[in-house]
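Architecture and fold: a report
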Amino acid sequence: MRTLGLQLDDRRMADDPFDLEPELEAGVPAVAAPGEVDEAEWLQRMRHSAAHVLAQVVLEMFPEGKIAIGPPIDTGFYYDFDLPRPLTPEDLSQIQKRMRKEMGRNHRFVWEEISVDEARDRFADQPFKQELIDQFSLDSDRLGICTHAAFTDLCRGGHVESTRQIGPFRLTSVAGAYWRGDERRPQLQRVYGALFATKEELDAHFQRIEEAQRRDHRRLGRELDLFAFDELVGAGVPLLLPDGAIVRQEMERLIRELQEARGYREVWTGHLARGELFRRSGHLENYSDVMYPAMREHDEHRNGSEDDEDGEAYFLKPMNCPLHMTLYNHSLHSYRELPLRYAEYTTLYRYEKSGQLSGLTRVRSLTQDDCHIFITPDQITDEVARVLELVQTLFTTYGMPNFRYELSLPGEGGKYVDDPQAWSIAVTALRDALDKAGIDYVEQQGEAAFYGPKADLFVSDVMGREWQLSTIQLDLIQPARLGCVYVADNGERRTPVVIHRAIHGSFERFMGILIEHYAGAFPLWLAPTQARCIPIADRHQEWADEVARELREAGLRVDVDDGNERMQAKIRNGQRRKIPYLLVIGDREVEARSAAVRVRNGEDLGAMPLDQIREMLTQLKASRANEPA
RNA sequence: GCCGGCGUAGCUCAGUGGUAGAGCAACGGUUUCGUAAACCGUAGGCCGAGGGUUCGAAUCCCCCCGCCGGCUCCA
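Just so it is clear, the model here is predicted, and its values are computed rather than measured.

1. A closer look at the overall build of chain A
- Looking only at helices and strands, chain A has 19 helices and 31 strands in total.
- Oriented by its inertia axes, the alpha-carbon framework of chain A measures out at about 85 × 75 × 55 Å.
- By the burial criterion, 51% of the 629 residues in chain A qualify as buried.
- Excluding contacts between residues fewer than 6 apart, the proportion of contacts in chain A whose partners are at least 24 apart in sequence is 73%.
- As presented, chain A carries roughly 29,100 Å² of accessible surface, and 46% of it is formed by carbon and sulfur atoms.

See below:
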């Protein structure tokens, strides 16, 4: 079997896989007959049961293997193993075959409760199970086990009656996964399987994956000549081709317009700064692992001591905040000037670990639509509301309604700045602003930045992976560390609160998401080529050129396909290029000073006078309508 | 960073130790056509980089780089 190596939505498990309560809720049978539980529960049970069969077969093939956990997930199941050697794709198909055979043998699942001591005994040679027993025995002196064939697993139940009731499945991939999700602990081999109630649903699942692959921005970026990566340039450094650069420019144009209208002022701070700046801001201390290493001055100019190396060195900036705060400090500000909004669109450099890189969505050179807003503490709620309005406006413009917010709060531990009162004010203000805007969000403990709480907006890519785009962060510490002050109405000097915020997040990541959102078919205002003239024969060339010229004069991006292919081929090419409008020009159109308008979706609007076409396209462009679909 | 897979023409992919291939794209010519592929021809490669084994390496081994999936991380 060929490994598909793809999972949709794996991460979104219904339950914590380690929350293996030894007993099910009252009335829910550990082993259920068909019809005894609802469809969704039955599916979960088939998946969970399949995981047990997987473990059975793997242990038969590797008797010295150690088993960890094997929960159901959104698309099937997985099981984690510690085995003497890595599993190959051939092993996977072998395992799959044996699983099917075992299922055909119709083993019954038998669930029972045993004492902790008995459990320790039964799983004597299973260290991971021993650890789970340690955990569960804190809450209960009885533990569940489930047996089918000659295989017994520590298990809270949730099975079908017998292995023949397990639905159609396919093993999809094997991947490394740390025990208990902790990278300091052993890395296990995780075998993933897809399982659905029917063969049709299983096929539909793989169909969905194929469709997802077709709109993957990495693939579309190549097909549409939007961007490229090159080994010689370096991993994680996206290169925009002319068409990709147009999309990027339109995104920048949009956010500049929106921000200028909301009182933002654009600044520019370049790409480098001395280590001393990042030391004072706290970045070197907290984030040196994602900063590129120091760039030293040439030896003959160096005068720093060994202790002071970082302070004397230069660093590529990983964020703009210290620079914006430095700019702020170039004059003394009155409370009357606040909020003061510094916007910047320059590239940041972060050393993302190689395994984290992913197309445009995770890169090492990224360009934020970044801004730092200096405010007084009592302006927090209002200003956050203004930022939320901006976010809503942007996502509405792109026609992207499917996002979710997360409110990230401090957790336990020393990572956070110790000022409980400031945290409390900031968290309350942020929560209020979200509530007032009527935004749904989930609160996440321990996800805050070291300097303050934040509200982040997440969107899923076509493969089901979630990416953070917009972020609104309250900063309670950096302004003080960098000596920012404003003069209050009583003449006192006070430290401003700073809101760090990015709306697109990074243009790179957002472009990746956008490409997938539109499946490469950008609305007119974003489309690299907005219309293409297609002369049917050479004698139509002149009028086609004229149409293109006039539309370009109206500010539209229009080209002419003057190749010697047949019209049908030109239409096909234009369509594959996902150009919003194709303007077909033959004898009739030359005669009538018109063009036949074909929309990207195949719709034929018929011949329209040039003036009307220009009017329609400029209108669409100006309104940034999400058209044509 | 870790585990696994992969790297051959611009793209998609054949080629498992003995002279590097196909389709599409590109380019040249012919064709001048009414809404998703006209025809003929030409060119295109340090088989990701380096090292090794061998009479001989795209093919086997080592190391590096990159890509893909997952894990972990993400100011």
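Next comes the rest of the write-up.
2. Focus on empty space enclosed by the protein
- In total, this model carries 4 cavities of 30 Å³ or more according to the counting rule given.
- By volume, the largest cavity amounts to about 100 Å³.
- Together, Leu224, Leu226, Asp243, Gly520, Phe522, Ala527, Pro528, Thr529, Arg577, Lys578, Ile579 and Pro580 line the largest cavity.
- Of the residues contributing to the lining of the largest cavity, the split by class is 7 nonpolar, 2 polar and 3 charged.

3. Some words on the layout of surface pockets
- Each pocket or cavity is described by its volume, and for the largest pocket that value is around 1,400 Å³.
- For the largest pocket, the lining is made up of 43 residues, of which Arg350, Glu352, Arg362, Lys454 and Gln468 are closest to its centre.
- Elements with a contribution of two residues or more to the lining of the largest pocket: helix 9 (283-287), strand 19 (365-375), strand 20 (404-409), strand 22 (454-460), strand 23 (466-475) and strand 26 (497-506).
- Here the lining of the largest pocket takes 6 residues from strand 23, the largest share from any one element.
- Partitioned by chemical class, the residues of the lining of the largest pocket number 16 nonpolar, 14 polar and 13 charged.

4. So, the sheet that holds strand 6 (residues 142-148)
- Reading across the sheet, the 3 strands line up as 5-6-7 and stay open at both edges, with antiparallel pairing between neighbours. The two strands at the open ends of the sheet, each matched to only one other strand, are strand 5 (110-115) and strand 7 (151-154). Adjacent strand axes in the sheet meet at a mean angle of 30 degrees, parallel and antiparallel pairs treated alike.
- For strand 6 and strand 7, the ladder comprises 4 bridges, and the chain directions are antiparallel. Within strand 7, the position partnered with Ile145 by the bridge is Leu154.
- Here helix 1 (residues 39-61) sits on the sheet and contacts strand 6 and strand 7; the angle it forms with strand 7, its principal contact strand, is near 125 degrees.
- The sheet contacts of helix 4 (residues 127-136) involve strand 6 and strand 7, and relative to strand 7 the element is tilted by about 40 degrees.

5. Considering the protein's contact with RNA strand B
- In the neighbourhood of RNA strand B, 55 residues make up the surrounding shell, with Gln187, Val290, Tyr451, Gln473 and Asn564 lying closest.
- Each atom of RNA strand B within 4 Å of the protein was assigned to sugar, phosphate or base; sugar and phosphate come to 55%.
- One nitrogen or oxygen atom from the side chain of Arg539 is found 2.9 Å from a phosphate oxygen belonging to RNA strand B.
- Take Glu589: an N or O atom from its side chain is 2.6 Å from a base nitrogen of RNA strand B.
- Put simply, the parts of the chain that give the surface near RNA strand B at least two residues each are strand 9 (169-178), strand 10 (187-195), helix 6 (217-223), helix 9, helix 17 (567-576), helix 18 (587-592) and strand 30 (594-599).
- The element best represented in the surface near RNA strand B is helix 17, accounting for 6 residues.
- Here the surface near RNA strand B is composed, by residue class, of 21 nonpolar, 14 polar and 20 charged.

6. Overview of the packing of aromatic side chains
- In total, this model carries 18 aromatic pairs according to the counting rule given.
- When the ring of Phe128 is compared with that of Trp179, the centres are 4.8 Å apart and the planes differ by 55 degrees; the resulting orientation is tilted. Taken together, the residues Phe128 in helix 4 and Trp179 in the loop between strand 9 and strand 10 connect sequence positions 51 residues apart.
- An angle of 70 degrees between the planes, with centres 5.8 Å apart, marks the rings of Tyr342 and Phe374 as edge-to-face. With Tyr342 in strand 17 (residues 340-344) and Phe374 in strand 19, this pair connects stretches of sequence that are 32 residues apart. An identical accessibility class is assigned to Tyr342 and Phe374; each is buried.
- Of the aromatic side chains, those joined through ring pairs into one cluster are Phe395, Tyr398, Phe403, Tyr405, Phe510 and Trp525.
- When the ring centre of Phe196 is taken as origin, the NZ or CZ atom of Arg47, which lies over that ring, is 4.9 Å away.
- In this structure, Arg190 packs its charged tip against the face of Tyr78, placed 3.7 Å from the ring centre.

7. Section: the pairing of strand 22
- The buried fraction of strand 22 is high, at 6 of 7 residues.
- Both strand 20 and strand 22 contribute to a ladder of 5 bridges, which runs antiparallel. The residue bridging Leu407 from the neighbouring strand is Ala455, located in strand 22.
- With 6 bridges connecting them, strand 22 and strand 23 associate as antiparallel partners. Paired with Ala455 across the strands is Ile472, a residue of strand 23.
- If you look at the hairpin formed by strand 22 and strand 23, you'll find 5 residues sitting between the two strands, and Gly464 has a positive phi there, around 90 degrees.

8. Details of the sheet that holds strand 29 (residues 581-585)
- On the basis of which strands lie adjacent, the open sheet formed by 5 strands has the order 28-27-29-30-31 and mixed pairing. Strands at the two margins of the open sheet, each flanked by one partner only, are strand 28 (558-560) and strand 31 (604-609). Going across the sheet, the axis of each strand differs from the next one's by a mean of 25 degrees, ignoring polarity.
- Sheet topology places strand 29 next to strand 30; 4 bridges connect them, and they run antiparallel. The partner of Leu582 across the bridge, within strand 30, is Arg598.
- Helix 16 (residues 541-553) rests against strand 27 (531-535), strand 28, strand 29 and strand 30 of the sheet, and its axis sits at about 165 degrees to strand 28.

9. Regarding helix 7 (residues 242-260)
- Taking 1.5 Å per residue as the helical rise, helix 7 with its 19 residues ought to reach 27 Å, and the 26 Å between its terminal C-alpha atoms agrees with that figure.
- Every buried residue of helix 7 is accounted for by Asp243, Gly244, Ile246, Val247, Arg248, Glu250, Met251, Glu252, Leu254, Ile255, Leu258 and Gln259.
- Close packing links the buried residues of helix 7 with strand 12 (239-240), strand 17, strand 19, helix 12 (380-398), strand 26 and helix 15 (507-517).

Definitions and cut-offs
Residues numbered from 1 in each chain as written. Chains lettered and ligands numbered in written order. Predicted model: local features only at pLDDT ≥ 70, side-chain atom pairs only at ≥ 80, totals over all residues. Heavy atoms only, no water. Helix = DSSP H or I, 4+ residues; strand = E, 2+ residues; numbered from the N terminus. Buried < 20%, exposed > 50% of the residue type's maximum accessible area, 1.4 Å probe, protein only. Contact = heavy atoms within 4.5 Å. Areas by Shrake-Rupley, 256 points an atom, 1.4 Å probe, with all protein chains shown as cover. 1 Å grid on protein atoms, 1.4 Å probe; cavity = no way out; pocket = protein on both sides within 12 Å on 5 of 7 lines; lining within 4 Å. Points joined across faces, edges and corners; volume = space filled by probe spheres on them. Nonpolar A, V, L, I, M, F, W, Y, C, P; charged D, E, K, R; others polar. Pairing = 2+ DSSP bridges. Axes fitted to C-alpha atoms, helices over the stretch in contact; angles between N-to-C directions. Near = heavy atom within 4 Å. Polar contact = N/O pair within 3.5 Å; in protein donor to acceptor, adjacent residues only side chain to side chain. Phe/Tyr/Trp six-rings, centres within 6.5 Å; stacked < 30°, edge-to-face > 60°. Lys NZ or Arg CZ within 6 Å of the ring centre and 35° of its normal. Expected span 1.5 Å × (residues − 1).

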